[in-house]
Amino acid sequence: MRRAAVVGCGDVSVVHLQAIAKLDEVELVGVCDTDQDRAAAAAERYGVPRFADHRQLLAAVRPDVVHVCTPHDQHTPVAVDCLDARVAVLVEKPVAHTVAEADRLIAAADRHPAVKIGICLQNRYNATTRAARDLLASGELGPVRGGSATVLWHRDPAYYQSRPWRGRKSRSGGGVLINQAIHTLDLMELLVGDVVRVRGHAGRHALDDIDVEDTASVLLDHTGGARSVVFATVGNVVDAPVTIEVVTERAVLLIRGDLTVSHADGRVETVAEPVASTGGRAYWGASHELLIADFYASLADPEPFWIGPREGARSLRLIHRLYQRNT
């Protein structure tokens, strides 16, 4: 039986807590949050002790795995303490709020190669992502020419007022790119190829009283000459489905909920994406459960988890390259 704990009892922790509850060989032994109301609510619901400091939690309940669901600027401090305590750690995205903090976490992971660490880029586990990746890797669709993606979501002032850290670059690291579109950027690089050049613009156009971008347009040049474009905003009137399109020599792959593959010869294939069964927002998808279960299954494997901090930092570095161009 693995002993699990959750540090950070905000919105996304709901998905982690419910995923833990579904795993037969995992027992939740504690929760932690500096906000005692949130910690108390989670502790009461799951019947476990609560803590205000993650170091107290580590000492008191001695978990095997800690899920880090804190604000972005606390990802690295908490994860490093877990690694130093020889406790496996699963960190919500982004890996950190700055590249420097990501590098600090990578260094800590390198110091403790026997301690498992994973980053929650759960959309890599989507059925549509896996099917698209397999098709592209097979070569049957021909070379990838490029792609495009949109993240057209809605965030109002209340979203930032309820968690003020979200609208402060010093704590969140950024806005729509790092908080909402990072999964889409990660998938564009995963599907189209390594990014070798980043251009674009990120700015604040829809919202006041925040110092992070709410809208961004990005142009990515990939290895092999492919090019993709990404547009992301939280200024849309609704949360529209994320779209990802990959154009190859012989087909067009479109992910918008499900995957549609339109072949040049007229054939059309579809792959359905399962509906989320855990709590939280519907657009988070169903793949948190899959990633979390896979992480626990990997604990006995001596090899590192395939989405570790170095891999997780790829999309963060991409975003920060664009931020640097806008300063």
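Model, not experiment: these values are computed from the prediction.

Rules used in this analysis
Residues numbered from 1 in each chain as written. Predicted model: local features only at pLDDT ≥ 70, side-chain atom pairs only at ≥ 80, totals over all residues. Heavy atoms only, no water. Disulfide = S-S within 2.5 Å. Buried < 20%, exposed > 50% of the residue type's maximum accessible area, 1.4 Å probe, protein only. Axes fitted to C-alpha atoms, helices over the stretch in contact; angles between N-to-C directions. Helix = DSSP H or I, 4+ residues; strand = E, 2+ residues; numbered from the N terminus. Parallel < 35°, antiparallel > 145°, perpendicular 65-115°, else oblique. Contact = heavy atoms within 4.5 Å. Nonpolar A, V, L, I, M, F, W, Y, C, P; charged D, E, K, R; others polar. Core = buried A, V, L, I, M, F, W, Y, C linked by side-chain atoms within 4.5 Å. Phe/Tyr/Trp six-rings, centres within 6.5 Å; stacked < 30°, edge-to-face > 60°. Lys NZ or Arg CZ within 6 Å of the ring centre and 35° of its normal.

Peer 1: Quick one: what's the story with the state of the cysteines, residue by residue and with numbers?
Peer 2: Evaluated as defined, the whole model comprises zero disulfides. Just so you know, Cys-9 is unpaired, no disulfide at all, and the nearest cysteine sulfur is the one on Cys-32, 7.2 Å from it. Owing to a relative accessible area of 8%, Cys-9 belongs among the buried residues under this scheme. Looking at Cys-120, it has no disulfide partner, and the nearest cysteine sulfur is the one in Cys-69, 7.0 Å off.

Peer 1: Which residues make up the packing of helix 4 (residues 75–84) against helix 5 (residues 99–111), and what values do they have?
Peer 2: Taken N-terminus to C-terminus, the directions of helix 4 and helix 5 make an angle of 5°; their axes are 10 Å apart at the nearest point. Looking at the two axes, helix 4 sits roughly parallel to helix 5. Contacts between helix 4 and helix 5 pair Thr-76, Pro-77, Ala-79, Val-80, Leu-83 and Asp-84 from the former with Glu-101, Ala-102, Arg-104, Leu-105, Ala-108, Ala-109 and Arg-111 from the latter. The residue makeup of the contact of helix 4 with helix 5, split by class, is eight nonpolar, one polar and four charged.

Peer 1: Now, about the nonpolar core: what can you tell me, with residues and values included?
Peer 2: Residues Val-31, Val-66, Leu-177, Leu-253 and Tyr-296 are the most contacted members of the largest nonpolar core, which totals 103 residues. By residue number, the principal contributor to this core is helix 10 (residues 182–192), which donates seven residues. The residues touching Leu-253, leaving out its near neighbours within four places in the chain, are Ala-132, Leu-135, Leu-136, Leu-141, Ile-244, Glu-245, Val-246, Thr-248, Leu-259, Thr-260 and Val-261.

Peer 1: Before we move on, could you go through the environment of Ala-85 and cite the residues and values that matter?
Peer 2: Among the structural elements, Ala-85 can be located in the loop between helix 4 and strand 5 (88–92). Its relative accessible area of 41% is what places Ala-85 among the partly exposed residues. It is 12 Å that separates the C-alpha atoms of Ala-85 and Lys-116, two residues lying 31 residues apart in sequence.

Peer 1: So what's going on with the packing of aromatic side chains? Which residues, and what values?
Peer 2: Under the defined criterion, the tally for this structure stands at four aromatic pairs. Geometrically, the ring pair formed by Phe-295 and Phe-305 is edge-to-face, given 5.2 Å between the ring centres and 85° between the ring planes. Of this pair, Phe-295 sits in helix 11 (residues 287–297) while Phe-305 sits in the loop between helix 11 and helix 12 (309–325); the two residues are 10 residues apart in sequence, bridging distant segments of the chain. Considered together, Phe-295 and Phe-305 belong to a single accessibility category, that of buried residues. A connected cluster of aromatic rings, assembled from ring pairs, spans Phe-295, Tyr-296 and Phe-305. If you follow Lys-169 out to its NZ or CZ, it ends over the ring of Tyr-323, 4.7 Å from the centre.

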